[in-house]
Amino acid sequence: MPFDSSLNDIKKDFLGIATRYRVANGRETCRHYLDSAASTLEMKCARQIADELLRHYANTHSQAHFSARIVNGAYDWAHQQVLNFVRPGDLRRHIACLAGAGSTALLNRLARMLTARRPERDIVLVSLMEHHANDLPHRKHARGVVHIPLTGEAPALGAIDLTALERLLEQYRDRVNYIAISAASNVTGIVNPVHGIAALAHAHDAWVVVDASQFIAHAPLALSDNGTVERELDAVAFSGHKLYAPGSPGVMVVRQILLEGQEPDELGGGMVDDVSLSNYQITGYFPDREEAGTPNIPGAVQLGAVLNVLQRIGMGSIHAAEQRLLRRLLTGLLAIPGVRIYGDPDLDRTPRLGVVSFNLAGLEHGLVAAMLNDYHNVAVRNGCFCAHPYVRELLKPELWELDLDPDADDADALIKPWQGMVRASLGLYSTDADIDALLNGVHDLLANPAYYRAQYQGDGAGNFCHRSFTVSAKSLFDPEAMLDQALASLSVSTDVL
Ligand SMILES: Cc1ncc(COP(=O)(O)O)c(C=O)c1O
């Protein structure tokens, strides 16, 4: 179907873009949500499809009644949207599997399955910039993990160092089972050349597992960039909640041949042809074989709807719009003395998506994030973003200055308030006003550091609490009270009846 609405219309169709909170100076203002790398806001039109489906809700393992047929059709449609989105050269070569609550479950599953498939290949190469979800599962299941270094020098590190990667592939010749890399970092947004890495991997008979959690909603990602199998990604995982569909499952697209002939990792209902007391026969049909148990049907359909909308808009224009905002954010931050940006900020040399992590000279990341929230209604994340090795690598020069050893095995040796950053990240709904609010907040804090520091109390673990301005989450959202209200209105309408 042709799509008449522009990107601008879709930008307005998100739940939560108009959420308002009262800030420390007493004014009520609109929240500036710059935490999309953690979770994106919900695309309303996609949610609407899932809500509509709920009127027909039934289990996908039922078959005979109208609702079961509707739900099965919609669930299959969701898988098809995933495959359409990553455009496999040959639809029969890859399967889409929806499971878990994010990419973590599927990255763990891939680590287990790929290790079991070729136990004789005992090494997995993992980049130094990975989220823990694409590092720890491989550490747990592979016999050895070797980390791939990055280009450049901290704090301006770049993408994966391809020369170093080639050297590692040679050094561990015939031993590397697969390479696990992110398409884009959740700390810096820096993009890795995943198809080039796939070609390198394949030349050494290794596979490539790509964590696309931070990429998929922000730029076009085809399984192969030139249609050849050499440059085709073997497995891609991502999370629906980072794709404008909170509450949706994780996704894995994987070359079917990597799963065939091996017992699935999880067993249960809906994926067997027959079971006797002494035996069971698993269906040969994909993806059912890989999706034991009742799936998250509304979440899957919501996710499928988002992917469909994004495709209609065109990932190229979504990427271009985000890059414009990213340049505004980077240029604005780079122009402020006292701001240190992590990862190479030169977008022409080192492509990145809409994620920027930074620190302000002499101010703890926890204090900066608290102040931006409390005074400017800017929602950012701070800390190490579940990527401790990468964050430490980026912070090395600062930690050395503080006489701390970033390579020490003892994590306690690093003082928390200094081990971390502030991260601003963009989504489809982000605006110039969001970026300007952040820049304004940074200017304000750097102009009055003593004043703001005096307003806060640190807990020694990196968190900062305002001394006089407190807002309890319950005063803004009390599920019990809301339920009371909902039930009261239910009895009012029943009374009328
Ligand atoms: C790059 C990356 N990979 C994996 C994950 C894990 O995703 P989830 O928590 O949805 O499983 C995240 C989450 O922040 C991420 O940013």
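This one's a predicted model, so the numbers in the text were calculated from it and none came from an experiment.

Draft legend 1. Structural context of the overall build of the protein chain. When you go through the protein chain residue by residue, the secondary structure sums to 15 helices and 21 strands. Against the 2.2 N^0.38 benchmark of 23 Å for 497 residues, the protein chain shows a C-alpha radius of gyration of 24 Å, consistent with a compact globule. Each principal axis of the C-alpha distribution contributes one length, and for the protein chain these read about 80 × 70 × 45 Å. Looking at the 497 residues of the protein chain, the share that counts as buried comes to 54%. The contacts of the protein chain with a sequence gap of at least 6 include a subset with a gap of at least 24, amounting to 72%. Accessible surface, the protein chain as shown: approximately 22000 Å² in total, 52% of it carbon and sulfur. The distance from the centre of the 43 positive side-chain charges to the centre of the 58 negative ones in the protein chain is 2 Å.

Draft legend 2. Local environment of the packing of helix H2 (residues 44-54) against helix H8 (residues 297-313). At a closest axis distance of 8 Å, the pairing of H2 and H8 adopts a crossing angle of 145°. Considering only the axes of H2 and H8, their crossing is right-handed. The residues of H8 that touch H2, namely those facing Cys45, Ala46, Arg47, Ile49, Ala50, Leu53 and Leu54, are Ile297, Pro298, Val301, Gln302, Ala305, Val306 and Val309. Here the contact of H2 with H8 is built from residues that sort into twelve nonpolar, one polar and one charged.

Draft legend 3. Spatial organisation of the sheet that holds strand S16 (residues 355-360). Judged by pairing direction, the sheet is antiparallel, and its four strands sit side by side in the order S15-S16-S19-S18 without closing on themselves. Each edge of the open sheet carries a strand with a single partner, namely strand S15 (339-341) and strand S18 (381-383). Between one strand and the next, the sheet's axes are offset by a mean angle of 35°, whatever the strand orientation. Of the pairings in the sheet, the one linking S18 to strand S19 (residues 421-425) comprises three bridges and is antiparallel in character. When the bridges of S19 are listed, arginine 381 appears paired with arginine 423. Contacting S16, S18 and S19, helix H10 (residues 365-376) runs over the sheet at an angle of about 165° to S18. The sheet strands contacting helix H11 (residues 388-401) are S15, S16 and S19, and the helix crosses S19 at an angle near 130°.

Draft legend 4. The arrangement of the domain arrangement of the protein chain in detail. Domain parsing of the protein chain yields domain 1 (7-30 + 316-384 + 420-476) and domain 2 (52-312). In this structure, domain 1 and domain 2 have C-alpha centres spaced 31 Å apart. Each partner contributes to the interface: domain 1 provides 24 residues, whereas domain 2 provides 22 residues. Between domain 1 and domain 2, roughly 1700 Å² of surface is buried when both sides are summed, and carbon and sulfur atoms account for 65% of that area. Considering only the side of domain 1, the residues that lose the most area to domain 2 are Ile318, Leu353 and Val355, jointly responsible for 27% of the buried surface there. When contributions to the side of domain 1 that touches domain 2 are tallied by element, the ones reaching two or more residues are helix H9 (315-334), S15, S16 and S19. With four residues, the top contributor of residues to the side of domain 1 that touches domain 2 is H9.

Draft legend 5. Region of interest: the pairing of strand S9 (residues 176-182). Counting buried positions along S9 gives seven out of seven residues, so the element sits mostly inside the fold. Looking at chain direction, strand S7 (residues 123-127) and S9 are connected through four bridges and run parallel. Paired with leucine 125 across the bridge in S9 is isoleucine 179. When S9 meets strand S10 (residues 207-211), the two strands line up parallel, connected through five bridges. Within S10, the position partnered with alanine 180 by the bridge is valine 209. With respect to chirality, the unit in which S9 leads through helix H7 (residues 194-203) into the neighbouring parallel S10 is right-handed.

Draft legend 6. Geometry of the nonpolar core. Counting residues in each nonpolar core, the largest one holds 91 residues, and the members touching the most others are Met43, Leu125, Ile179 and Leu310. It is H8 that contributes the most residues to this core, ten residues altogether. Split by domain, the residues of this core number at least three in each of domain 1 (7-30 + 316-384 + 420-476) and domain 2 (52-312). The contact partners of leucine 310, leaving out residues within four places of it in the chain, are Met43, Phe85, Ala217, Leu243, Tyr244, Met315, Ile318 and Leu428.

Draft legend 7. Summary view of the site of the ligand. In the vicinity of the ligand, the contacting residues are Gly102, Ser103, Thr104, His131, Ala133, Asn186, Asp211, Ser213, Gln214, Ser239, His241 and Lys242. Within the side chain of aspartate 211, a nitrogen or oxygen atom sits 2.5 Å from a nitrogen atom of the ligand. Contact between the ligand and histidine 241: an oxygen atom at 2.5 Å from a side-chain N or O atom of the residue. Protein burial of the ligand: of its 390 Å² of free accessible surface, 87% is covered by the chains.

Draft legend 8. Region of interest: the environment of proline 295. Within the fold, proline 295 resides in the loop between strand S14 (280-282) and H8. For proline 295, a relative accessible area of 15% translates into the label buried. Residue contacts for proline 295: discarding those within four places in its chain leaves Thr60, His61 and Tyr75.

Draft legend 9. Quick peek at the packing of aromatic side chains. Scanning the model with the defined rule gives six aromatic pairs in all. Taken together, a centroid distance of 5.0 Å and an interplanar angle of 75° make the contact between tyrosine 451 and tyrosine 452 edge-to-face. With a relative accessible area of 6%, tyrosine 452 lands in the buried category. Members of the aromatic cluster, joined through ring pairs, are Phe14, Tyr33, Tyr244 and Tyr429. Here the guanidinium or amino end of arginine 118 rests over the ring plane of tryptophan 207, the centre of that ring lying 3.6 Å away.

Draft legend 10. Local environment of the sheet that holds S9. With mixed pairing, seven strands are arranged side by side in an open sheet as S6-S12-S11-S10-S9-S7-S8. At either end of the open sheet lies a strand with only one pairing partner, and these are strand S6 (94-99) and strand S8 (144-148). The mean angle between the axes of side-by-side strands here comes to 20°, regardless of whether they run parallel or antiparallel. Alignment of strand S11 (residues 235-239) against strand S12 (residues 250-255), held across five bridges, turns out to be antiparallel. Directly across from valine 236, in S12, lies its bridge partner valine 253.

About the thresholds
Residues numbered from 1 in each chain as written. Predicted model: local features only at pLDDT ≥ 70, side-chain atom pairs only at ≥ 80, totals over all residues. Heavy atoms only, no water. Helix = DSSP H or I, 4+ residues; strand = E, 2+ residues; numbered from the N terminus. Rg over C-alpha atoms; globule rule 2.2 N^0.38 Å. Buried < 20%, exposed > 50% of the residue type's maximum accessible area, 1.4 Å probe, protein only. Contact = heavy atoms within 4.5 Å. Areas by Shrake-Rupley, 256 points an atom, 1.4 Å probe, with all protein chains shown as cover. Lys, Arg positive; Asp, Glu negative; His and termini not counted. Charge placed at Lys NZ, Arg CZ, Asp CG, Glu CD. Axes fitted to C-alpha atoms, helices over the stretch in contact; angles between N-to-C directions. Left-handed = near helix turned anticlockwise from the far one by under 90°. Nonpolar A, V, L, I, M, F, W, Y, C, P; charged D, E, K, R; others polar. Pairing = 2+ DSSP bridges. Domains from an automatic or database assignment. Buried area = accessible area lost by both parts, 1.4 Å probe. Right-handed = clockwise from strand over helix to strand, strands pointing away. Core = buried A, V, L, I, M, F, W, Y, C linked by side-chain atoms within 4.5 Å. Near = heavy atom within 4 Å. Polar contact = N/O pair within 3.5 Å; in protein donor to acceptor, adjacent residues only side chain to side chain. Phe/Tyr/Trp six-rings, centres within 6.5 Å; stacked < 30°, edge-to-face > 60°. Lys NZ or Arg CZ within 6 Å of the ring centre and 35° of its normal.

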